[in-house]
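Structure assessment
What follows is the residue order along each chain.
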Amino acid sequence: MTATSGPSLAPLIQALPEDAVITDPDKMDGYRRDRSHDPEVGVPLAVVRASSTADVQAAVRFAAEHGIALVPRGAGSGLSGGSSVMDGCIVVALDGMRRIDVDPVSHTVVAQPGAFNAEVKAAAAEHGLWYPPDPSSVEFCSIGGNVATNAGGLCCVKYGVTSDYVLGMTVVLADGTAVTLGGPRLKDVAGLSLTKLFVGSEGTLGIITEVVLRLIPAQRPASTLVATFATLADATGSVLAITRSMRPSMLEFMDKVCINAVEDHTRMGLDRHAAGMLIVQSDEPEQFAASEITRISEICRRNSATEVYSTDDPDEGEAFVEARRIVLPAVEKMGAIMLEDVGVPVSRLSDLVLGIEVISRELEVTVAVVAHAGDGNTHPSIVYDPADPDGQPTAQAAFDRIMELAISLGGTITGEHGVGRLKKAWLPGYLGADVMALNQKIKSALDPQNILNPGAVY
Ligand SMILES: Cc1cc2nc3c(=O)[nH]c(=O)nc-3n(C[C@H](O)[C@H](O)[C@H](O)COP(=O)(O)OP(=O)(O)OC[C@H]3O[C@@H](n4cnc5c(N)ncnc54)[C@H](O)[C@@H]3O)c2cc1C
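Small disclaimer: the values here were computed from a predicted structure and weren't measured. All residue numbers here refer to positions counted from 1 along the written sequence of the relevant chain. Two thresholds apply to this predicted model, a pLDDT of at least 70 for residue-level local features and 80 or more for giving and counting side-chain atom pairs, whereas whole-chain, interface and lining totals are computed over all residues. Neither water nor hydrogens contribute to the side-chain values; these are computed over all heavy atoms in the structure.

**A closer look at the site of the ligand**
This is how the line gets drawn: In this text, near means that some heavy atom of the residue lies within 4 Å of the molecule or strand in question. For the purposes of these results, a polar contact is taken to be a pair of N or O atoms within 3.5 Å, where, inside protein, one atom must be able to donate a hydrogen and its partner to accept one; residues adjacent in sequence count only when each atom of the pair is a side-chain atom. Residue exposure ignores everything except the shown protein chains as possible cover, and the areas themselves are Shrake-Rupley values with a 1.4 Å probe.
Surveying the vicinity of the ligand reveals 38 residues, the closest of which are Pro72, Ser77, Gly78, Ser137 and Ser142. Between an oxygen atom of the ligand and a side-chain N or O atom of serine 77, the distance comes to 2.6 Å. The separation between a nitrogen atom of the ligand and a polar side-chain atom of glutamate 416 is 2.9 Å. Notes on the ligand: free accessible area 970 Å², of which the protein chains cover 98%.

So this is what it looks like as structure tokens:
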């Protein structure tokens, strides 16, 4: 990697603490891409490792003065190329800003953006409290990145997504002004809902330097049920029957490819012949959880489950949840992947999953499907051999057809990972001209120079 040229960085270096500005190409290499395998990453002019809101302001002011692109970066676990860099940009890395202050009385936490989600959860747990949103990347994604992508996760089927817990934030705007929006109040309707505007804005409207999050009482230990099915329709039919009358705290789906990828990795004895597997949890009080799990077992059996197993042992339950969390790294071992994040109304989950199977068969390409099934949010990974000249084009064709299928079912092109750079081409068609224009008006009002994460989303 060779360095790119730009204006003198001396004023920026002077305005920031010692060693905050990195320009050594080798040291910058780890800040160039996220986990999406975006093939088109460039070389930044510099990486600013911010340690305060003032540091971020200094970086933004310098960039605004020189018309330089800024790429905000949390932990780089994103899956849509949201923090991929372009040549000559400045990466604003928030990984050094990790303070977490819990207020156990008002059930809120103020966190700096670089703190990992798991660290926020752990700090809340010390006070008997819980921050629910739990992306599978919980151990290595930042809370700022979660807010910037409106991250989802496994317990969202019952507890909602990141946006449901964001009460306020401090955000640095494109001209370097820092504004504080919302705060530790459960109710606040003064002015426009600007806090929510920044949730899910993927670094394109401002750089978040502090968040105020809502906490709730600690989750009760969950009972876990695992069911396997000989057909995909039986598995998705069970999901629909469960969600029709219940709201479990987790309802995840893995198809045969995922089951086998995880089994290769863990040797935990998963049924390699099953077409699909559900992992369901109930965190209701003991007796209610038992009755919920019994009802879910009955539903799975009525839908021809080949095996239904349940446990109240939290460690055993956690082993199944962990199996679900490692699906993506396990599938990544099978080859290059193109990962989707399409979501549909849960009533159309069967159509989506069965439709993906048809696409996979017709194009003769492996598609591994894991889903936050209770939310209708699926992650089909199209697996291909990068050495095969037909591999990438066929995978792309499958990717496009899956997007089209999801949209035709009333679904979205991204349920939780964000548009980033990799799904950008799909956004105008999905939103339609009027809503796309409205998005662009807001973007240009807040970032007239287009220096905040240009190339992402819009
Ligand atoms: C194995 C694996 C499993 C995953 N599972 C899930 C899952 O279940 N649910 C889910 O939602 N996601 C999941 N993800 C995706 C990813 O972890 C989330 O999108 C996460 O929210 C990204 O956080 P990050 O700190 O890594 O952000 P980054 O990747 O660094 O950035 C993501 C986006 O946010 C912007 N950004 C980051 N920090 C800030 C900030 N402070 N201010 C403004 N903009 C900012 C970036 O510019 C970029 O556009 C998974 C990823 C992996 C690798």
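After presenting the structure, the write-up continues.
**A short note on the domain arrangement of the chain**
The condition is simple: A domain assignment, automatic or from a database, supplies the domain bounds used here. Reported buried area values correspond to the accessible surface (1.4 Å probe) lost by two parts on association, with both partners' losses combined. Here, a salt bridge means any side-chain nitrogen of Lys or Arg that lies within 4 Å of a carboxyl oxygen of Asp or Glu.
Domains assigned within the chain are domain 1 (10-93), domain 2 (100-217), domain 3 (220-332) and domain 4 (334-417). The C-alpha centroid of domain 4 is placed 21 Å from the C-alpha centroid of domain 3. Carbon and sulfur atoms make up 69% of the area that domain 3 and domain 4 hide from each other, which totals about 1700 Å². Inspection of the region where domain 3 meets domain 4 yields 0 salt bridges.

**Structural notes on the pattern of salt bridges**
Worth spelling out the cut-off: Exposed residues in this analysis have more than 50% of their type's maximum accessible area, buried residues have under 20%, and partly exposed residues fall in between, with area computed by a 1.4 Å probe over protein chains only.
Enumeration according to the criterion identifies 16 salt bridges in this entry. With its nearest N and O atoms 2.8 Å apart, the salt bridge here joins aspartate 264 to arginine 272. For arginine 272, a relative accessible area of 28% corresponds to the partly exposed category. Through salt bridges with shared partners, a single network forms among Arg99, Asp101 and Glu210.

**Digging into the packing of aromatic side chains**
Let me state the cut-off plainly: In this analysis, rings of Phe, Tyr and Trp, with Trp reduced to its six-membered ring, are considered paired at centre separations within 6.5 Å, and the interplanar angle assigns stacked below 30 degrees, edge-to-face beyond 60, and tilted for intermediate values. Secondary structure elements are taken from DSSP: a helix is a run of H or I of four residues or more, a strand is a run of E of two residues or more, and numbering for both begins at the N terminus. A ring is considered to have a charge above it if a Lys NZ or an Arg CZ atom is located within 6 Å of its centre and within 35 degrees of its normal.
Applying the stated rule across the entire model yields 3 aromatic pairs. Ring centres 4.8 Å apart and planes at 80 degrees place the aromatic pair tryptophan 130 and tyrosine 159 in the edge-to-face group. Remark: tyrosine 159 occurs in helix H6 (residues 156-159) and tryptophan 130 occurs in strand E7 (residues 129-130); sequence separation between them is 29 residues. Assessed through its relative accessible area of 11%, tryptophan 130 is described here as buried. Among the residues examined, tyrosine 159 registers a relative accessible area of 17% and is labelled buried. In this structure, arginine 98 packs its charged tip against the face of phenylalanine 116, placed 4.5 Å from the ring centre.

**Observations concerning the packing of helix H8 (residues 232-245) against helix H10 (residues 286-302)**
Note the following rule: Fitted lines through C-alpha atoms give the axes, limited to the stretch in contact for helices. The angle between two N-to-C directions lies from 0 to 180 degrees. Here a crossing is called left-handed whenever its near helix is offset anticlockwise from the far helix by less than a right angle, and right-handed whenever the offset is clockwise. Here a residue-residue contact requires only that any non-hydrogen atoms of the pair lie within 4.5 Å. Classification used: nonpolar for Ala, Val, Leu, Ile, Met, Phe, Trp, Tyr, Cys and Pro, charged for Asp, Glu, Lys and Arg, polar for all others including Gly.
Look at H8 against H10: their axes get within 9 Å of each other, and the N-to-C directions meet at 145 degrees. At the point where H8 passes H10, the crossing takes the right-handed sense. Across from Ser238, Ala241, Ile242 and Ser245 in H8, the residues of H10 making contact are Arg295, Ile296, Ile299 and Cys300. When grouped by side-chain class, the residues that make up the contact of H8 with H10 number 5 nonpolar, 2 polar and 1 charged.

**As for the sheet that holds strand E14 (residues 276-282)**
So the rule is basically this: When DSSP finds two or more bridges between a pair of strands, those strands are recorded as paired.
Ordered in space as E15-E12-E14-E13-E17-E18-E16, the 7 strands form an open sheet in which the pairing is antiparallel. Of all the strands in the sheet, just strand E15 (305-311) and strand E16 (336-339) have a single pairing partner and so form its edges. Ignoring which end each strand starts from, the neighbouring axes of this sheet average 15 degrees apart. Packing against the sheet, helix H9 (residues 256-266) makes contact with strand E13 (250-255), E14 and strand E17 (366-372), and its axis sits at approximately 90 degrees to E13.

**Some thoughts on unusual backbone geometry**
Not every positive phi belongs to a glycine, and histidine 107 is a case in point at roughly 55 degrees. Among the secondary structure elements, histidine 107 is positioned in the loop between strand E5 (100-103) and strand E6 (108-111).

**Points about empty space enclosed by the protein**
Using the following cut-off: Two kinds of site are reported from a 1 Å grid over the protein atoms alone, namely cavities, where a 1.4 Å probe fits but cannot get out, and pockets, open sets with protein on both sides within 12 Å along at least five of seven lines, and residues are called lining when an atom falls within 4 Å of a point. Grid points are joined across faces, edges and corners, and a volume is the space filled by probe spheres set on the points.
One pass over the structure, following the stated rule, counts 1 cavity of 30 Å³ or more. Roughly 30 Å³ of volume is contained in the largest cavity. What lines the largest cavity is Cys258, Val327, Leu328, Val331, Ala368, Val370, His379 and Ser381. Elements with a contribution of two residues or more to the lining of the largest cavity: helix H12 (327-332), E17 and strand E18 (377-384). At 3 residues, H12 tops the list of elements feeding residues into the lining of the largest cavity. Residues belonging to the lining of the largest cavity are distributed by class as follows: 6 nonpolar, 2 polar and no charged. When we break the lining of the largest cavity down by domain, the ones giving at least three residues each are domain 3 (220-332) and domain 4 (334-417).

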